[in-house]
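Structural description and commentary
Take a look at the letters that make up each chain.
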Amino acid sequence: MEMKALQKLLATLDVKIKEGPFKIVHPMFGAINTMLFTPGHATTTGPHIRDSIDMKRFMGIVIFALVPSILVGSYNVGAQAGVEGLFAAFLFGFIKLLPIIVVTYAVGLGWEMIFGHINGHDIHEGFLVTGILLPLTLPPTIPLWQVAVAVSFGTVIGKEVFGGTGMNLLNPALTARAFLFFTYPGNISGDSVWVALDGFTGATPLAAAAASTGPAVDALNSAGFSMSDMFFGFVPGSIGETSTIAILIGAAILLITGVGSWRIMLATVIGAYGMALIVQFFGGDVAGGMRSLPPHYHLMLGGFMFGAVFMATDPVSAAGTNAGKWVYGILIGVMVILIRVFNPAYPEGMMLAILFGNVFAPLIDHFVVQANIKRRLNYGK
Amino acid sequence: MGVFKLKKGYDIPLQGSAERRLENAPKTTAVAVQPIDFRGLRPAMKVEAGDKVSRGSILFVDKQKPEILFRSPAAGTVREVVRGERRVIQRVIIDVAGDSAEKFHSYTADQVKALSTTQAKEVLLNSGLWPVIRQRPFSRIADVEASPKAIMISAVDSAPLQAESDMLLDGQEKKFQLGIQLLSKLTGGKIHLSVSAKTKAFFANISGVELHEFSGPHPAGNIGVQIHHIDRIQTSEKVWYLSPRHVAQLGSFLSTGEYPGSKTYALTGSELEKRYYVTGTEGALVSDLLSTTLQNYTQRVISGNVLTGIKSSSLGFVGFYDDMITVVPELEGRRFFGWVRLGLNANSFWPMFLSRLTPKKKLAPTTDMNGEERAFVSTGEYEKVLPMDVLPVHLCKAILVEDIELMEQLGIYEVAAEDLALCSYICPSKIEFGDIIQKGIEAMEKEG
């Protein structure tokens, strides 16, 4: 009965807000309204019944898949800062992460509300994912005002100028991160930002490998980064990107539910692994640096795994055709290794590789579509 | 015999299939012939309210092609010519009384064999049964002047709860064969008859056709899908198609010399008390057919199947091309946090609900949209339910930007709205693929 009363209240509010002086908050209200209760619209034409899936569940599952990365990432932020104890370390890290998420949501949803008002639609669910993805790709020490500026850039320039969700060329979360990287590099790269302690400097494994003069694996070992640390995520780095195992659990959720494209994930791994093998084969005589890093290390270092699982697979900015997804994924995998190996100024290649892939995705799809057209023309000949 | 094993597609696990039991329908009180059942038709009326008609009397003709006749499936009195917006004629309702019938020439198999193409067309046009033949591209009544490269008949019943062809044709093998003989006069090409493992026994002894066996989930039974696999349509080619039931109806007309107004329907759907087959009248009043199995009309009553049927009511009449009625539960209201439910009974193509663990379990989903319209986001899944080399999202985008040339290149000639119905069903963004395809087809027709 309380439910019916609540529904009635929501219906009244819906009309009041839509027609009242605060109609700018209606997109936000609409989103909350339909989150509390299903929209309750019946079909009018065929198909008379519809799949139980909607965008809320679709995006909700992505967030669910990010939970392991949030948990392990938070713990690691605390552990890196020297906090003892499982829960204490988690709490320390979560307190660092939470304000970043809050700022991202507050600023991002503000923009979404404005554009929802202009375009006459509710806030779309895609932002809920963007709002978690971005914080997880940032260092724990990131100044919150920079987060606010980056989210604004990512949402407005990365998405809304193209026409909003579904129309954007680039992944909005990565656009925001790239913006930070090029405008405030001091706060998102280098050796002093990864551990949430003032004045503490410590390189990420990626930077350590890039800077090595001897074999990269030796450099990693002597810096104290064991294979298992990198796999479980107990190394300095962006909050959600360090734990390979947590990301793989997320990947399993995305793959089982069919939300994430297995083609893109697999192709990205194949592209990177293959390119790293090639680089190692031809550059094996080089004493140190990235060229001496075995392929499987590449997959665990930096933002590779997080990017391959959560960023490259963004269905809007990725290639949309099934054949195109293979090309797109391999392209990203190859690019990330090329950037890491041949651009010593910038050891992390994943962000740029995916944005590069995003830019080429429409072209890749174009060729797939042309092939379909050609098959149709040639049929029977 | 061609064998086609289609992998793509999806069978929605629905409760409410009809028992294989045939009964006579309770008395038919009214029938209707509905110009809106024939896409693009503009009727010229030949009767008005109050006129007495026999079974086989002409009710209206096609204004553009007056040789295409529409005859009454029953005798009685014209109750009303119902007009909708802008006075468009929607249906002609006849109150049924008696069974007087117009008499036509009847034909033996040998006499049909002796007919020329022109004579065969004349017989067919005069019978009032020409509209049973439809044409691809565009899925409309066949052009009288066209010479189709093939005629296709699908006895593959893949749609949700679909009436089974052999039940609809019970005891009508001879009539079916006679119908095939008439059809063979209309094309220089082949008559393709597609069957499934279930229906092939019934059609095993039919001659004059090329048999194909299709297996796989819906839409394997759709004519568009079968044309795509047997012999694709290329520029300016036409393929005619009709249902097996209509073939038998042609045969019945030829052998009896009367308009065959009787028709068998499957009564299906979880909300019916009893589900079975009934023999009633073409264009029957829905509430007549359902009078012994549905008491009140608070649920969704559909003429046709759940994917492509038309919403009906107690006052509605079954569509000309429909041979089933489906009744499913109507939406019950808003659900608290519906999007986070575990979904033991959630109908879904996607492996995102617990119901995935019991894929065989039949469900009774309501008419809930289960969401709101969003931008195209998901990719790669629609292809899984479309067993054709067509890119559904790209085709729809071409239609939305009204790029005629691109629509043509991406295969608008090969599809009808029904072929993409499952794309609408599985879509998380609730995009109406069928409506978009329909819009594209109308744009192509306008373009000429």
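This structure is a prediction, so every number in the text was calculated from the model and none was measured. (Residues numbered from 1 in each chain as written. Chains lettered and ligands numbered in written order. Predicted model: local features only at pLDDT ≥ 70, side-chain atom pairs only at ≥ 80, totals over all residues.)

Some remarks on the overall build of chain B
- Across its full length, chain B holds 11 helices and 20 strands.
- Viewed in the frame of its principal axes, chain B has a C-alpha envelope of about 65 × 50 × 50 Å.
- A total of 448 residues make up chain B; the buried ones form 53% of that total.
- Considering only residue pairs separated by 6 or more positions, chain B has 69% of its internal contacts joining residues 24 or more positions apart. (Helix = DSSP H or I, 4+ residues; strand = E, 2+ residues; numbered from the N terminus. Buried ≥ 20, exposed ≤ 12 C-beta atoms within 10 Å, placed from the backbone. Contact = placed C-beta atoms within 7 Å.)

Some points on the overall build of chain A
- Each helix and strand in chain A was counted, giving 16 helices and 0 strands.
- A globule of 381 residues ought to have a C-alpha radius of gyration of about 21 Å, and chain A, at 22 Å, matches this closely.
- C-alpha extents for chain A along the principal axes are approximately 70 × 70 × 35 Å.
- Out of the 381 residues belonging to chain A, those deemed buried represent 54%.
- Contacts in chain A between residues far apart in sequence, at least 24 positions, make up 70% of those at least 6 positions apart. (Rg over C-alpha atoms; globule rule 2.2 N^0.38 Å.)

A look at the interface of chain B and chain A
- On the side of chain A, 49 residues touch chain B, which itself brings 60 residues to the contact.
- Elements with a minimum of two residues in the side of chain B that touches chain A: strand S18 (300–303), helix H8 (392–400) and helix H10 (421–426) of chain B.
- For the side of chain B that touches chain A, the element with the most residues is H10(B), which contributes 4 residues.
- For the side of chain B that touches chain A, the class distribution of residues is 27 nonpolar, 20 polar and 13 charged. (Nonpolar A, V, L, I, M, F, W, Y, C, P; charged D, E, K, R; others polar.)

What about the domain arrangement of chain B?
All names here are of chain B.
- One can read the domain layout of chain B as domain 1 (2–15 + 128–256), domain 2 (262–328) and domain 3 (369–447).
- Taken together, the contact pairs 9 residues of domain 1 with 12 residues of domain 2.
- Of the residues in the side of domain 1 that touches domain 2, the class split is 6 nonpolar, 2 polar and 1 charged. (Domains from an automatic or database assignment.)

Here we look at helix H16 (residues 350–378) of chain A
- Helix length check: H16(A) (29 residues) gives 40 Å between terminal C-alpha atoms against 42 Å at 1.5 Å per residue, within 8%.
- At Phe360(A), H16(A) shows its maximal kink, close to 40 degrees; a proline, Pro362(A), follows between one and four residues later. (Expected span 1.5 Å × (residues − 1). Bend = angle between axes of the 7 residues up to and from the residue.)

Digging into the sheet that holds strand S16 (residues 262–268) of chain B
Residues and elements named next belong to chain B.
- Ordered in space as S2-S17-S16-S20-S18-S19, the 6 strands form an open sheet in which the pairing is mixed. A single partner strand is all that each edge strand has here, and the edge strands are strand S2 (22–24) and strand S19 (310–312). Strand after strand, the sheet turns through a mean of 35 degrees between neighbouring axes, direction not considered.
- Where S18 and S19 come together, 3 bridges link them in antiparallel fashion. In the strand pairing of S19, Ile302 is matched with Lys311. (Pairing = 2+ DSSP bridges. Axes fitted to C-alpha atoms, helices over the stretch in contact; angles between N-to-C directions.)

Looking at the packing of helix H3 (residues 55–80) of chain A against helix H5 (residues 126–136) of chain A
Residues and elements named next belong to chain A.
- Contact pair H3 / H5: the axes reach a minimum separation of 10 Å and the direction vectors enclose 20 degrees. Judged by the angle between their axes, H3 and H5 are roughly parallel. With respect to the hand of their crossing, H3 and H5 are arranged in left-handed fashion. Taken together, the residues of H5 that come into contact with H3 (itself represented by Met59, Val62, Ile63, Leu66, Ser69, Ile70 and Gly73) are Gly126, Leu128, Val129, Ile132 and Leu136.
- Across the contact of H3 with H5, the residue classes break down as 9 nonpolar, 3 polar and no charged. (Parallel < 35°, antiparallel > 145°, perpendicular 65-115°, else oblique. Left-handed = near helix turned anticlockwise from the far one by under 90°.)

Topic: the sheet that holds strand S5 (residues 52–53) of chain B
Residue and element names in this part refer to chain B.
- Strand order in the open sheet formed by 4 strands is S3-S9-S8-S5, and the pairing between neighbours is antiparallel. Edge positions in the sheet fall to strand S3 (30–33) and S5, since each of these pairs with one other strand and no more.
- In terms of strand pairing, strand S8 (residues 76–83) meets strand S9 (residues 89–96) through 7 bridges, oriented antiparallel. Across the sheet, residue Thr77 finds its bridge partner in S9, namely Asp95.

Brief notes about the confidence of the model for chain B
- Taken residue by residue, chain B gives an average pLDDT of 94. The fraction at 70 or more is 100%.
- The ipTM for the predicted assembly is 0.94, set against a pTM of 0.93. (pLDDT = per-residue confidence, 0-100.)

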